[in-house]
Amino acid sequence: MNTRIPQLLGIEYPIIQGGMAWVAEHHLAAAVSEAGGLGLIGGANAPGEVVREEIRKAKKLTNKPIGVNVMLLSPHADDVAKVIVEEGIKVVTTGAGNPEKYMEMWKAAGIKVIPVVASVALAKRMERYGADAVVAEGCESGGHIGEQTTMTLVPQVADAVSIPVIAAGGIGDGRGIAAAFMLGAEAVQIGTRFVVSKESIVHDNYKQRIIKAKDIDSAVTGRSHGHPVRSLRNQMTREYTKLEEEGKSFEELEYLTLGTLRNAVLEGDVINGTVMAGQIAGMISKEQTCKEMIEEMMEQAGKLLGR
Ligand code: TUI
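Residues numbered from 1 in each chain as written. Predicted model: local features only at pLDDT ≥ 70, side-chain atom pairs only at ≥ 80, totals over all residues. Heavy atoms only, no water.

*Asks:* Quick question: what am I supposed to make of the sheet that holds strand E9 (residues 187-190) here?
*Replies:* In a beta sheet, neighbouring strands pair by backbone hydrogen bonds and run either parallel or antiparallel. Taken in spatial order, the eight strands line up as E1-E9-E8-E6-E5-E4-E3-E2 in an open sheet, and their pairing is parallel. At either margin of the open sheet sits one strand with a lone partner, and together these are strand E1 (15-17) and strand E2 (39-42). The sheet shows a mean angle of 25 degrees between the axes of neighbouring strands, direction not considered. Note that strand E4 (residues 91-95) and strand E5 (residues 112-117) share four bridges and pair parallel. (Pairing = 2+ DSSP bridges. Helix = DSSP H or I, 4+ residues; strand = E, 2+ residues; numbered from the N terminus. Axes fitted to C-alpha atoms, helices over the stretch in contact; angles between N-to-C directions.)

Structure below.
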């Protein structure tokens, strides 16, 4: 499992953590990095200065590399992009858009740039613009998603680009990692399983919803206005779907979800809050440390791949 990714990122195992909004803060990022993966601070909708503080706090907890995810729909994306350079971060992933306008600045600062893509077209474009790798994220993922499944997206992206491909969406154990490698990936990005890690600051109600989830318990809202988001079914997704069917505007629907992810993550409101999680939630059954998760997954994947 000695691919190009661990060397590129200066990490031990080919596992990177998803840049999950509100969830991917300094405790989780530091724990994943300490365990030999790449931990990330999720910029989400946070102002640049908040991200700067998170980076500094993570660096106090680990000397290993940590990355930052820039959520490109954020009104603060320009500021976060600069903070990353100023704080000497060496790996950036991006989500929910096209990071072209930042590539020159990041490359000049020696940062490894890894855009998350949901299509072959964007993967090829990112390679042309100097991306060091891409995360090919299938719609099994939690949060903002594309249309392709991981099974179909990863091999098509791997065929289309020469840079390493990191698979994401639906991966939560060593079988998923081995399968991703069979599809041509050289690493995986994992989100939902790390949400229930011991180091994750997510409210216990949120963790318990993931631990108790069944295979069919997630739903996708927001398709009608072009921003599909996967989360666990609850009062919130039912209300959202009803309003979507009534043809409510993007603005009215956004008003409904404003702050609801925060309420679920920090306050434990899993009824009216947004409980973003991937389809693999149904397989995730216990809280463990990030180290236990990573070692268990690597051992299982290694056996399956005969390495
Ligand atoms: O970004 C994510 N996942 C996220 S972001 C997020 S915060 C949010 N909340 C509500 C609404 C919108 C965002 C929660 N989860 N994953 C990476 C990802 N990127 N998935 C899909 C994409 C993507 C989709 C279309 C990337 C690029 C793209 O097209 C860009 C273009 O210009 O072609």
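The discussion continues.
*Asks:* Would you explain the sheet that holds strand E7 (residues 143-144) in this entry?
*Replies:* With antiparallel pairing, three strands are arranged side by side in an open sheet as E7-E11-E10. Looking at the sheet topology across the chains shown, the edges are occupied by E7 and strand E10 (218-221). Taken together, the four bridges between E10 and strand E11 (residues 229-232) define a ladder with antiparallel strand orientation. Following the sheet pairing, threonine 221 is matched in E11 by valine 229.

*Asks:* Would you mind showing me how to read the nonpolar core here?
*Replies:* A general trend in soluble globular proteins is that nonpolar side chains are found buried together. Judged by nonpolar contacts, the single largest core of 79 residues is most densely connected at Ile15, Ile84, Trp106, Ile177, Phe194, Tyr206 and Ile210. Apart from the residues lying within four places of it in its own chain, the contact partners of tyrosine 206 are Val195, Leu261, Ala264, Val265, Val270, Thr274, Val275 and Met276. Core analysis: the second largest hydrophobic core is formed by 14 residues, Ile5, Leu9, Ile16 and Val135 among them. (Core = buried A, V, L, I, M, F, W, Y, C linked by side-chain atoms within 4.5 Å. Buried < 20%, exposed > 50% of the residue type's maximum accessible area, 1.4 Å probe, protein only. Contact = heavy atoms within 4.5 Å.)

*Asks:* Can you help me understand the packing of helix H2 (residues 26-34) against helix H3 (residues 48-61) in this one?
*Replies:* When two helices pack together, you describe them by how their axes are tilted relative to each other and by the distance separating the axes. Running from amino to carboxyl end, H2 crosses H3 at an angle of 40 degrees, the nearest separation of the two axes being 9 Å. In terms of orientation, H2 and H3 fall into the oblique class. Relative to H3, H2 is oriented so that their crossing is right-handed. For the pair H2 and H3, contact is made by His26, His27, Ala30 and Glu34 and by Glu54, Lys57, Ala58 and Leu61, respectively. (Parallel < 35°, antiparallel > 145°, perpendicular 65-115°, else oblique. Left-handed = near helix turned anticlockwise from the far one by under 90°.)

*Asks:* Can you help me understand the site of the ligand in this one?
*Replies:* The ligand sits among 15 residues. The nearest are Ala96, Val116, Glu137, Gly143 and His144. For the ligand, a nitrogen atom lies 3.0 Å from a polar atom in the backbone of alanine 96. One of the backbone nitrogen or oxygen atoms of histidine 144 is found 2.9 Å away from a nitrogen atom of the ligand. Across the shell around the ligand, the residue classes tally to eight nonpolar, six polar and one charged. (Near = heavy atom within 4 Å. Polar contact = N/O pair within 3.5 Å; in protein donor to acceptor, adjacent residues only side chain to side chain. Nonpolar A, V, L, I, M, F, W, Y, C, P; charged D, E, K, R; others polar.)

*Asks:* For this particular structure, what's the right way to read helix H5 (residues 100-108)?
*Replies:* Count 3.6 residues to each turn of an α-helix, and residues three or four apart come out pointing the same way. Listed as buried for H5 are Glu100, Tyr102, Met103 and Trp106. One face of H5 carries all of its buried residues, which in axial projection span an arc of 130 degrees. Exposed and oriented more than 90 degrees from the buried face of H5 are Lys101, Glu104 and Ala108. Elements in contact with the buried residues of H5: strand E3 (66-71), helix H4 (77-86), E4, E5 and helix H6 (120-128). (Arc of directions from axis to C-beta.)

*Asks:* What's the story with the pattern of salt bridges in this structure? I'm lost.
*Replies:* Within this structure, the stated rule accounts for 17 salt bridges. Among the salt bridges present, the one from aspartate 78 reaches lysine 101, with a minimum N-O distance of 3.0 Å. Residue aspartate 78 is found in helix H4, and its partner lysine 101 is found in helix H5; the two are separated by 23 residues along the sequence. Overall, aspartate 78 belongs to the partly exposed group, its relative accessible area being 38%. Among the ionic pairs, glutamate 287 bridges to lysine 207, the shortest N-O distance being 3.2 Å. Taken together, the residues glutamate 287 in the loop between helix H13 (260-267) and helix H14 (290-304) and lysine 207 in helix H10 (residues 204-212) connect sequence positions 80 residues apart. (Salt bridge = Lys/Arg side-chain N within 4 Å of Asp/Glu carboxyl O.)

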